Amino acid sequence: SLPFYIPSHCGKNSMRNASLLQLKMAVFFFATASAFHLPQTPAARPSNPSAKALSQTPFQSPWNATAPIVIAALIFSFFPPPSLAIEGDITKGSEIFTSTCAGCHRGGQNFVKEKKTLQKDALEKFVGLDEEKVEAFFKGSFVHKIQVAGNMSDQEITDVVTYAVDQAKFEKW
């Protein structure tokens, strides 16, 4: 995941743009680092002429070879590549939620198990606000598996989960 939050309604293009930005940053820093040289140590003046040829060879600091690798490693440790995040459509999720889920979860409530609502605090307590965890919970839930999930495609489930998590995160219920 990214070190900053990209709202789920931004979709695949934002994730792709974040990846491109990260790649551009890595190329820029790699190019900058490969051009970076530490000051060379002054060569000792040799007394014999055969050693003079050796002293004209420029000093190669080990930093020159390792700097690009070190900087690239730092970039990717602070800015890891985006995970393959769930890409749901909030608008479609809203439509599906209204037609399929609102019977039990109208307004983010839970009319079957009153404490396990879709409100932010309840989701954080029982499942978490991570879309992947909520989707796994939904698919693994006996009630949902028997009554709802069997009639929905994986994309429809993803859309509903994206909608529900967005509603909870930003307290829109």
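All of these numbers come straight from a predicted model, not from anything done at the bench. (Residues numbered from 1 in each chain as written. Predicted model: local features only at pLDDT ≥ 70, side-chain atom pairs only at ≥ 80, totals over all residues. Heavy atoms only, no water.)

*Asks:* How do you make sense of the pattern of salt bridges when you look at a structure like this?
*Replies:* When the charged atoms of two side chains with opposite charge come close together, those side chains can pair. A complete count under the given rule lists three salt bridges for this structure. The salt bridge partner of Glu135 is Lys139, with a shortest N-O separation of 3.1 Å. Here Glu135 and its partner Lys139 are both found in helix α6 (residues 131-140), four residues apart, which amounts to about one turn of the helix. The salt bridge partner of Lys172 is Asp166, with a shortest N-O separation of 2.7 Å. (Salt bridge = Lys/Arg side-chain N within 4 Å of Asp/Glu carboxyl O. Helix = DSSP H or I, 4+ residues; strand = E, 2+ residues; numbered from the N terminus.)

*Asks:* Hey, could you run me through the environment of Ala168 in this one?
*Replies:* Following the sequence through the fold, Ala168 ends up in helix α8 (residues 154-169). For Ala168, a relative accessible area of 0% corresponds to the buried category. Those residues within four positions of Ala168 in sequence are excluded, and the remaining contacts are Leu118, Gln119, Lys120, Leu123, Leu129 and Trp173. (Buried < 20%, exposed > 50% of the residue type's maximum accessible area, 1.4 Å probe, protein only. Contact = heavy atoms within 4.5 Å.)

*Asks:* Is there a simple way to think about the confidence of the model for the protein chain in this case?
*Replies:* Low pLDDT means the predicted coordinates in that region are not meant to be read closely. The share of residues in the protein chain with pLDDT of 70 or more is 57%, and the mean pLDDT across the chain is 75. Counting contacts from residues 1-13, a segment whose pLDDT is below 50, to residues more than four positions away or on other chains yields 23 contacts. (pLDDT = per-residue confidence, 0-100.)

*Asks:* Would you explain the nonpolar core in this entry?
*Replies:* Formed by 19 residues in total, the largest nonpolar core has its most connected members in Phe97, Leu123, Val134, Phe138, Met152, Ile157 and Val160. Counting only elements with at least two residues in this core, the list comes to α4 (90-105), α6 and α8. The greatest single-element share of this core, amounting to six residues, is contributed by α8. Those residues in contact with Val134, other than ones at most four positions away along the chain, are Leu123, Val127, Gly128, Val161 and Val165. (Core = buried A, V, L, I, M, F, W, Y, C linked by side-chain atoms within 4.5 Å.)

*Asks:* Honestly, the packing of α6 against α8 in this entry has me stumped. Any pointers?
*Replies:* To describe two helices that pack against each other, one gives the angle between their axes and the distance between the axes. With their axes 10 Å apart at the nearest point, α6 and α8 run at an angle of 125° to one another. The angle between the axes of α6 and α8 places the two elements in the oblique class. Two packed elements cross with a definite hand, and for α6 against α8 that hand is right-handed. Taken together, the residues of α8 that come into contact with α6 (itself represented by Glu131, Val134, Glu135, Phe138 and Lys139) are Asp154, Ile157, Thr158, Val161, Thr162 and Val165. Split into classes, the residues belonging to the contact of α6 with α8 amount to five nonpolar, two polar and four charged. (Axes fitted to C-alpha atoms, helices over the stretch in contact; angles between N-to-C directions. Parallel < 35°, antiparallel > 145°, perpendicular 65-115°, else oblique. Left-handed = near helix turned anticlockwise from the far one by under 90°. Nonpolar A, V, L, I, M, F, W, Y, C, P; charged D, E, K, R; others polar.)

*Asks:* Before we go on, may I ask you to explain a nonpolar patch on the surface in this structure?
*Replies:* Side chains of Phe142, Val143 and Ile146 sit close together on the surface and give an oily, nonpolar patch of about 330 Å² of accessible area. With respect to the secondary-structure elements, Ile146 resides in helix α7 (residues 142-147). (Patch = residues over 30% accessible without salt bridge, like charges linked within 9 Å, V, L, I, M, F, W, Y side chains within 5 Å. Areas by Shrake-Rupley, 256 points an atom, 1.4 Å probe, with all protein chains shown as cover.)

*Asks:* Where do I start with the packing of α4 against α8 in this structure?
*Replies:* Contact geometry for α4 and α8: axes closest at 7 Å, N-to-C directions at 95°. What the angle tells us is that α4 and α8 run roughly perpendicular. Within the contact between the two elements, α4 uses Ile90, Lys92, Gly93, Ser94, Ile96, Phe97 and Cys101 and α8 uses Glu156, Asp159, Val160, Thr162, Tyr163 and Asp166.

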